[in-house]
Each structure stands twice: as structure tokens, then as C-alpha cells.
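# An overview of the molecular structure
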Amino acid sequence: MENISNLEELSAIGKNSVYVNADKVQLINSSITFTGENNILVIEDDTIIKNSKIKFMGSNAVCYLSKNRHAYYLDLTIHNRTAVFIDKNCYFNGTFNVTASEMQNVIVGLEGLFSFGISLRTADPHLIYDVHTKRRLNSSRSILLGDHIWIGQSAFVLKGSKIGSGSIIGAAAVVAGKTIPSNVSAVGNPARVVKEGVFFTKDCVHSWEKEQTAKYEVSDTDEWIYERDAHTVDLSKIDEEIKSKVTAADKLEVIKKRLVQSKHKNRFFIEAPRQKKKSIFSKNS
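Residues numbered from 1 in each chain as written. Predicted model: local features only at pLDDT ≥ 70, side-chain atom pairs only at ≥ 80, totals over all residues. Heavy atoms only, no water.

Within the protein one finds 3 helices and 24 strands. Computed over C-alpha atoms, the radius of gyration of the protein comes to 20 Å, within 12% of the 19 Å expected from 2.2 N^0.38 for 285 residues, which places it in the range of a compact globule. Oriented by its inertia axes, the alpha-carbon framework of the protein measures out at about 70 × 65 × 35 Å. Per-residue burial for the protein yields a buried fraction of 46% across its 285 residues. (Helix = DSSP H or I, 4+ residues; strand = E, 2+ residues; numbered from the N terminus. Rg over C-alpha atoms; globule rule 2.2 N^0.38 Å. Buried < 20%, exposed > 50% of the residue type's maximum accessible area, 1.4 Å probe, protein only.)

Given below as C-alpha cells:
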């Protein structure tokens, strides 16, 4: 096991690779642990990692932390052949807990807002079987989050979940294997969409008085409204492309090409499912 609590110790990482400019990254009361080999950690410049734990618990995994104007507060557990990618300028109001297991990935888009006590897990992790067929029921799956999403306090985002850009997940919600479209609000356990056609801004109301409250009754902006366009991609396809690569180096190349180098606004838009129209012959019509 190799444990790093100071960026000056990066020369002693054995068969793992860390790409970080020690003069441009701050590691404050934090640790990086490697227990396997051929893992890759990338931390972009102008980044603060504070009160965090980054643990590689296997081999051939990737963790990519993008430049951030806010501090990262992380508890990442990264197992064999997984990838964790967090894009630029996400805000963490408390420790962001992520466990990437069984060759599955966690992708987090740009400009997200994450409250206290949030957990993401790609596995259950113990096995559940059908009593009749004896077949496994709870396969592990990746977690894919779009740009500018807001996840409330104590929410759980579990295996197989996808959240489109611009959406809100309420406090204590449990998103388990669901696809949440863009620009909606979802709450509860299990999470369900309660409002479509919404957007949020990053303004914080805590210290406001009457004048500020009145000023912001209307927000005349389209900045956080997403739609399908020529740049929209399916996050699941990027996920499958990353998983198709065996080595961490090959996974990193996909991440750079498909995530780091692509910043189009509508890239991770997810369309709401169309409601089926009732037949004119329906008994309930």
C-alpha cells in the first residue's frame, strides 16, 4: 500500500501514475492511497483538495479531477478497472462520497451543486439472486450525471442512474437505476419527477432581505435551459467506450477525448419520455 498525504511524496508511487503540478494543486488534510498498480490519478491545475480521501483499491483504474474554483471535499473509493471523472467547477457543500465498483464508472458533469451527505455507489455490493432461476438480480452499473445538476442533502444516487443536465434531486431522495430527464425536479424514495420544465441558478438566499428577494422573483435567462442539438451525446455510449478499455491509460484517452475536450452546452441533455396518448376506444376515455 502506498499512501500520499503530501504532494512532495509523489515520487514514491511505484507502478501507479499521478499527473499533477505540485505548484498548482493544494492537498490539505487529505490523503491518496494506492493498493494496486497501473492506476492513474489526474488533478488539473488550480485545484484544492481538502479534508479528502482518494483510495485506489485495485488496479487499472482512473480518477480525473478537473480544475475547480471551489475546493473538493471527497471520499472516493475506486476499485479495479473503474473510472471516476468530475468536470470543472462543481461545488461541494460537504463530503462527496463515491464508490466505483465492479468495472463501472462515475461521470459527473460541469458546474454541479452537491449538498451534505450525498453518496454515489455503482454496486449494492452484495449479491442478490432469484429463488427460482438462481440468476443474479443486482448487476452493478455506472452512474452518469450531466452538467449543472443540483443534488440535495443526504440523497443517494445508486447503480444505473442517469441524470440529465439542469435537473434537481431533492433532499433524501433515492435515485436507483432511473433516468431523470433534463430540467426537471425529482424527489422521494424511489425518486420520481414532480415538476418538469424547471431550471435553477446558483444564487443563495440565506442572507437575503426583502429587496433581494423581490429582485430575483423573475430570472430572465436561458443559460440553464437544455435541449437536444447536434452536439448532444448519449452518456451511456461514452460509459461503454470507457469500459471497453482494459488499461487505465486507454481509459484516460477516452476520457480526454469524449469528456475533457467536449464542453458543448447541450452535450448531456436527456429528453423526457413522451406520454402515450390514450386510445379513443379506451375504457377510461
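Resuming the write-up.
Our next topic: the side chain of S165. Following the sequence through the fold, S165 ends up in the loop between strand 19 (162–163) and strand 20 (168–169). At 2.9 Å, the side chain of S165 forms a polar contact with the backbone nitrogen of D147. With residues near it in sequence (within four places) discarded, S165 still touches G146, D147, H148, I149, S182, N183, Y226, F268 and F269. (Polar contact = N/O pair within 3.5 Å; in protein donor to acceptor, adjacent residues only side chain to side chain. Contact = heavy atoms within 4.5 Å.)

What follows concerns the pattern of salt bridges. The full count for this structure, using the stated rule, is 16 salt bridges. Here K55 and D75 are joined by a salt bridge, their closest N and O atoms 3.0 Å apart. One end of the pair, K55, is in strand 7 (residues 53–56); the other, D75, is in strand 9 (residues 74–78), with 20 residues separating them in the sequence. A residue is classified by how much of its surface remains accessible, and D75, at 23% relative accessible area, is partly exposed. We note a salt bridge from R228 to E271, for which the minimum N-O separation is 3.8 Å. (Salt bridge = Lys/Arg side-chain N within 4 Å of Asp/Glu carboxyl O.)

On to the sheet that holds strand 24 (residues 192–196). Hydrogen bonds along the backbone pair up the strands of a sheet, which may run parallel or antiparallel. Strand order in the open sheet made by the 6 strands is 11-14-17-20-23-24, with mixed pairing throughout. Two strands in the sheet have a free side with no partner beyond their single neighbour: strand 11 (91–92) and strand 24. Across 2 bridges, strand 17 (residues 150–151) lies against strand 20 in parallel orientation. The residue bridging W150 from the neighbouring strand is I168, located in strand 20. (Pairing = 2+ DSSP bridges.)

A word on the nonpolar core. Counting 46 residues, the largest nonpolar core has L65, I86, F96, F114, L145 and I151 as its most contacted members. When near neighbours in sequence (up to four residues on either side) are disregarded, F114 contacts C90, Y91, F92, N93, G94, F96, V108, L145, I149 and I151. (Core = buried A, V, L, I, M, F, W, Y, C linked by side-chain atoms within 4.5 Å.)

Here helix 2 (residues 235–243) crosses helix 3 (residues 248–260) at 155 degrees, and the two axes come no closer than 8 Å. With respect to helix 3, the element helix 2 is oriented roughly antiparallel. For the element pair helix 2 and helix 3, the recorded crossing hand is right-handed. Between helix 2 and helix 3, the residues in contact are I238, E241, I242 and K243 and K251, V254, I255, R258 and L259, respectively. (Axes fitted to C-alpha atoms, helices over the stretch in contact; angles between N-to-C directions. Parallel < 35°, antiparallel > 145°, perpendicular 65-115°, else oblique. Left-handed = near helix turned anticlockwise from the far one by under 90°.)

What follows is about the environment of D203. By secondary structure assignment, the location of D203 is in the loop between strand 24 and helix 1 (210–215). Separated by 13 residues in the primary sequence, D203 and Y216 have C-alpha atoms spaced 9.2 Å apart. With residues up to four places along the chain from it excluded, the contact list for D203 reads W208 and Y216. Side chain to side chain, D203 and T201 meet in a polar contact 2.7 Å long.

Here the focus is the side chain of N89. The residue N89 is located in the loop between strand 10 (83–86) and strand 11 in this model. Engagement of the side chain of N89 in a polar contact is seen with the backbone nitrogen of R69, the distance being 2.9 Å. The contact partners of N89, leaving out residues within four places of it in the chain, are K67, N68, R69, H70, E111, G112 and K202.

One pass over the structure, following the stated rule, counts 8 aromatic pairs. Ring centres of Y64 and F85 lie 5.5 Å apart, and the angle between their planes is 45 degrees; on these two criteria the pair is classed as tilted. A residue pair is termed long-range when its members are at least 10 positions apart, and Y64 in strand 8 (residues 62–65) and F85 in strand 10 qualify at 21 residues. A relative accessible area of 2% means that F85 is categorised as buried. When the centroid spacing of 4.7 Å and the interplanar angle of 50 degrees are considered together, the rings of F96 and F114 count as tilted. Here F114 lies in strand 14 (residues 113–114) and F96 lies in strand 12 (residues 96–100), a separation of 18 residues in the sequence. For the pair shown, F96 and F114 are each scored as buried. Aromatic ring contacts, followed pair by pair, group Y72, F92, F96 and F114 into a single cluster. The cationic tip of K265 hangs over the ring face of Y226; the distance from NZ or CZ to the ring centre is 5.6 Å. (Phe/Tyr/Trp six-rings, centres within 6.5 Å; stacked < 30°, edge-to-face > 60°. Lys NZ or Arg CZ within 6 Å of the ring centre and 35° of its normal.)

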